[in-house]
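For reference, the chains in residue letters:
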Amino acid sequence: MKRELLLLVLAVFSCSIYAQKRVSGTVYDAGLNEPLPGVNVVVKGTAKGTSTDFDGNFVLSDVNVGDVLVFSYISFKTQEVTVSELAVYNVYLQEDLNSLDEVVVIGYGTQTKKEITGAVSVVGSETIEELNPQRIEQALQGQVAGVQITSSSGSPGAASNIRIRGISTNGDNRPLILVDGNVIEDLSVINPGDIESINVLKDATAGIYGVRAANGVVLITTKTGRRNTGLKFSYNAYGGFQETSRRLPLLNATEYALIVNEAHAAGGQPNPFPVVGNLGQGTDWQDRVFQRAPIFNHDISVSGGGEKSTYSASASLLTQDGIVGGDKANFKRWTTRINYNLDLFEKVKLTANLLYTGTERSALPENSLGSVLFNALNNAPTFSVRDANGDFTLAEGLGNEVINPVAQIANTFNDTDVQRISGKFGLDYEVLPNITAVTSLQFNYAEVEGRSFLPEVFYGSGKVFNIDRNVVSTSDNIFRDYTFDAFLNYDTILGENHDLKATLGMSVFKTRGKFSGFTGFDIPDNSFKNAFIENASDVVDNFINGGDEFDSRLLSYFARVQYNYAGKYLLSAVIRRDGSTAFGPRNRFGWFPSGSAGWVVSEEEFLRDSNFITFMKFRGSYGIVGNDRIPANAFRSVLSGEGAYVFDDQLLFGQAVGLISNPEIQWEEQKTLDVGVDMRLFKDHVNITADYFNRRTENLLVSPPVSGILGASAPGSGSPVVNAGTVENRGFEFAFGYDESINEDLSFGINYNVTFLDNEVISVNNGVGFIPGGAFGVGQEPPSRMEDGFPLGYFYGLETDGLFQNVGEVSAHATQANAAPGDLRFVDQNGDGVIDLDDRTYIGDPIPDATMGLNISVNYKNWDFGAYAFASIGNEIVRNYERNQPLVNRSVYTLNRWRGEGTSTTFPRVTTGATSNTLFSDFFVEDGSFVRIQNVQLGYTLPSDWMEKMGADSLRFYLSVNNLYTFTEYKGYDPSASSGAPIGGGIDQGFYPVPRTYFLGVNFKF
């Protein structure tokens, strides 16, 4: 019996020994397909483990089948692999953009996410690659709480408007944008494929950047290589086509003729169309101007690094035609970028990057009275594109602004070429073990050449766009700026728990510009190919009276202290002294302090072992930031105006005083409060961020109305700039994320963010209490205002109360000019019995009450799927693309017009007679809320073993659709578009719609 028992024990032991094995493998960065050194490899539930070597290799002995290996690395998602009969494992770790240990750029330094005490949001390269944006701003749309992106136009190369936490001033609301530390005003020069990450600073912690950071800061970091890695290549390309996402429903020729006849009959005039039966559908002018347009993008990059250096270089080419005009609205961009980092000596590091960008853009008239789309909407469907002789038809009888849009495209020549080079060179020197000196020089140089040609053309009788004498205009502008930064960083740990960092430095910024332009007439053959100044017979210097240069400068000193106690209690304080040449000697410098604090509650004993709360941090910040974005020399009188003088009975032009000066103007100040919480729940599967913010802008820089006696209306002159206003933005931000790996093959993630915003003008002390702006119709009062107690740029017009249904209602109502049954009935706000301009009131505003974004991603084996949507809720848009003329075309909504008592309560009668229906009122104001499915993408990555056989790293193909569908009740082309003007935004004069785009793309790494 003992012998049998001993044999059984030996058998079990031998089986156990047999099950134990030696495993090895290599760990890779899944994004770059490069080995990762230093990855921790641990057998789950034990202390047995190792780390990968320089080449990413690991070896573990005495491992049992069924054991779970845990692979972990800073800023990468932890991965678990179950040991099977295999002896070799290749593991690919995915970068974790939500890692608490991820290093985030915050301004003159970095911090981990865990240490940040300000409101900072991050968008990674994966998100940018999924969206395939033509411009970087599109990658922020709906991705970051508190950041609103609106398109100024959907035309190729058109810029977008970035607003961080509302509109804080009636002037320039653009945030400061830094690319690798260099100021970049125009994001069209950057290839989105070069971006590694985008960090958005939204609160007072942006104050470390001083005056230019009053509207927030966008920090863009471009891709670079990694140390000790071989040469890697990456090729990305996509191609596809674009189409309009919407066509407005208009009357066809028969419907149009019937409506026109009815209007003329109501006005006591004969019918223009005695016979309508043979008119049919007529010409659909939208079909004639919209088209499918191609878009292609290619970019290739190389990267790598040695023991002491990293490098990367890339080149890209984008070409995009317009959905209106095709190659007449083309945009081309080519970029070349080089990044290089080197340890020159043991204590000296060099950082260098260089970016060259060239762009060519052709543009058509858009977003204005007389634009191509404006004409397509208003031209009569009874006109053909060309007449029997093959000439373009004339839009006779449609007013002075409406012309044949196809002829307009053919006769528009407007090109702009930009050549730009930007760079940064920096040195870091370790003075002492705890002190590092940093200095850098950033520069931008750009040449912008423009050429436009207006050929002799006749569009119809009395048209304002008729050209009797052809004219060419050229411009050649040069812009230069540089920034020099020098600062000391001190970093030490006192004892075990006291982490202290300090920064002390200065910054100098200078920007200059030189303008040159000429206008010439009588170009030979009336041809664009001959449209050069040297071919003109009569040439005028556009800057003969000066105003062709500018020069502005900033000088700043700053200090920051950051304290971290035991990873639980965080403090940061900043003081900055900024000086600007925008202000006079007495007010040139200002002091701007800010501070922030954080409490990592999850590091406390009572939460440290919580299975529910993985991480929790409360934080708050408050600070003051200055703003100097006003016209240069506003504090002093300069000869930048134009004067007309008579000598010897001849009219001569010379210089005169320009903008009326105000030597007392001072800094506009923004006081920002933020209180927030960051949480990770359920072992980091749930991510929550919430913020309350209050941004109050005081001493607003505005231009008051002044008497004409002072000369403010003279050419080149203007009203003085004064400090006379206060604006407040209050709001709440909430972001939620959830990701889950169901098994080794299936994972998914969902991210949602929402921002609620309340904008209010507190005061306007300019003498009249308001500032008007914007334009509606022809010859009407400005429809927008900045006024105490209302949102900035709200719509100010007449309020309607349905339609007059009969003569009795007209008689019983307040006196309204030319009122008749079927007309709009306006509310007598002041009760004086007369409807006039004094009855105007608040009828809407263009600022949304809430904006939100939603991202969904699913990965199954080698397949990946992503969908992204964003929304704007509670904003209004003014419909201003309809020309009020008897013979212009109209929308199909006109078919629901008033035709007799009780037939309609919303849409007025049609008539050629005089009415008040065209006065600006809430009849033209619509709900601009929308939800847009911005991107849907499906991708497939070839299996890694296939790639190994090909000698490549990865190959992915994908199909993608941008701007798939927009849910909205707005009748116009695009509810997401806006001019971006603080006063006058949200007025649609026929916005060029953002196109729907279909892509087929490839990502190849080798």
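Residues numbered from 1 in each chain as written. Predicted model: local features only at pLDDT ≥ 70, side-chain atom pairs only at ≥ 80, totals over all residues. Heavy atoms only, no water.

Points about the overall build of the protein
Part 1 of the argument: Across its full length, the protein carries nine helices and 54 strands.
Part 2 of the argument: A compact globule built from 1006 residues should have a C-alpha radius of gyration of about 30 Å, and the protein, at 33 Å, falls within 12% of that.
Part 3 of the argument: Taken over the C-alpha atoms alone, the protein extends approximately 125 × 70 × 65 Å along its principal axes.
Part 4 of the argument: Residues counted as buried form 51% of the 1006 residues belonging to the protein.
Part 5 of the argument: Excluding contacts between residues fewer than 6 apart, the proportion of contacts in the protein whose partners are at least 24 apart in sequence is 70%. (Helix = DSSP H or I, 4+ residues; strand = E, 2+ residues; numbered from the N terminus. Rg over C-alpha atoms; globule rule 2.2 N^0.38 Å. Buried < 20%, exposed > 50% of the residue type's maximum accessible area, 1.4 Å probe, protein only. Contact = heavy atoms within 4.5 Å.)

Comments concerning the packing of aromatic side chains
Part 1 of the argument: Per the counting criterion, the structure on display carries 38 aromatic pairs.
Part 2 of the argument: Ring plane angle 80° and centroid distance 4.7 Å describe the contact between Tyr 238 and Phe 999, whose orientation is recorded as edge-to-face. Pair noted here: Tyr 238 is in strand E18 (residues 229-243) and Phe 999 is in strand E54 (residues 996-1005), with a separation of 761 residues, a long-range link.
Part 3 of the argument: Since its relative accessible area comes to 9%, Tyr 238 is described here as buried.
Part 4 of the argument: Taking the ring centre of Phe 392 as reference, the NZ or CZ of Arg 386 above it sits at 3.9 Å.
Part 5 of the argument: Of note, Lys 971 hangs over the ring of Tyr 893, and the distance from its end group to the ring centre comes to 5.1 Å. (Phe/Tyr/Trp six-rings, centres within 6.5 Å; stacked < 30°, edge-to-face > 60°. Lys NZ or Arg CZ within 6 Å of the ring centre and 35° of its normal.)

With respect to the pairing of strand E21 (residues 326-343)
Two faces make up the sheet, and in a regular strand the side chains alternate between them.
Part 1 of the argument: As judged from the 13 bridges shared by strand E20 (residues 309-322) and E21, these two strands associate in the antiparallel manner. Opposite Tyr 311, over in E21, you have Tyr 340 as the bridge partner.
Part 2 of the argument: Linkage of E20 to E21, two consecutive antiparallel strands, is achieved through a turn of three residues, within which Gly 325 is found at a positive phi near 95°.
Part 3 of the argument: Of the pairings in the sheet, the one linking E21 to strand E22 (residues 348-362) comprises 13 bridges and is antiparallel in character. Looking across to E22, one finds that Asn 339 is bridged to Asn 353.
Part 4 of the argument: As consecutive antiparallel partners, E21 and E22 are separated by four residues. (Pairing = 2+ DSSP bridges.)

So, the sheet that holds strand E41 (residues 770-773)
The pairing of strands in a sheet happens through backbone hydrogen bonds and is either parallel or antiparallel.
Part 1 of the argument: The strand order across the open sheet built from four strands is E41-E42-E43-E46, with neighbouring strands paired in antiparallel fashion. This sheet does not close on itself; its edge strands, each paired only once, are E41 and strand E46 (841-842).
Part 2 of the argument: Note: strand E43 (residues 794-797) against E46, two bridges, orientation antiparallel. Opposite Gly 797, over in E46, you have Thr 841 as the bridge partner.

Brief notes about the confidence of the model for the protein
Parts of the prediction with low pLDDT should not have their coordinates interpreted in detail.
Part 1 of the argument: Summing up the model confidence of the protein, the mean pLDDT is 89 and the portion of residues at 70 or higher is 96%.
Part 2 of the argument: Taken as a whole, residues 1-18 scores under 50 in pLDDT and shows zero contacts with residues more than four places along the chain or in a different chain. (pLDDT = per-residue confidence, 0-100.)

Some words on the pattern of salt bridges
Part 1 of the argument: Following the criterion strictly, the structure yields 45 salt bridges and no others.
Part 2 of the argument: Note that Arg 247 and Asp 287 form a salt bridge whose closest N and O atoms lie 2.6 Å from each other. In this pair, Arg 247 is assigned in the loop between E18 and helix H3 (253-266) and Asp 287 in helix H4 (residues 285-289), connecting sequence segments 40 residues apart.
Part 3 of the argument: Residue class for Arg 247 comes out partly exposed when judged on its relative accessible area of 40%. (Salt bridge = Lys/Arg side-chain N within 4 Å of Asp/Glu carboxyl O.)

Points about the UniProt feature "domain: TonB-dependent receptor plug" (unreviewed entry) in the protein
Part 1 of the argument: The residues that UniProt annotates with the feature "domain: TonB-dependent receptor plug" (unreviewed entry) are residues 113-217.
Part 2 of the argument: For residues 113-217, helix accounts for 7% and strand for 28%, while the C-alpha atoms at its two ends are 17 Å apart. (UniProt positions renumbered as here; feature names shortened; annotations may be inferred.)

Topic: the sheet that holds strand E50 (residues 925-927)
Part 1 of the argument: Strand order in this open sheet of three strands is E50-E49-E53, and the pairing throughout is mixed. Taken across any chain shown, the strands that pair with only one partner, and hence form the sheet edges, are E50 and strand E53 (987-988).
Part 2 of the argument: The sheet contact formed by strand E49 (residues 876-879) and E50 spans three bridges and is antiparallel. Counted as the bridge partner of Ile 877 is Glu 926 from E50.

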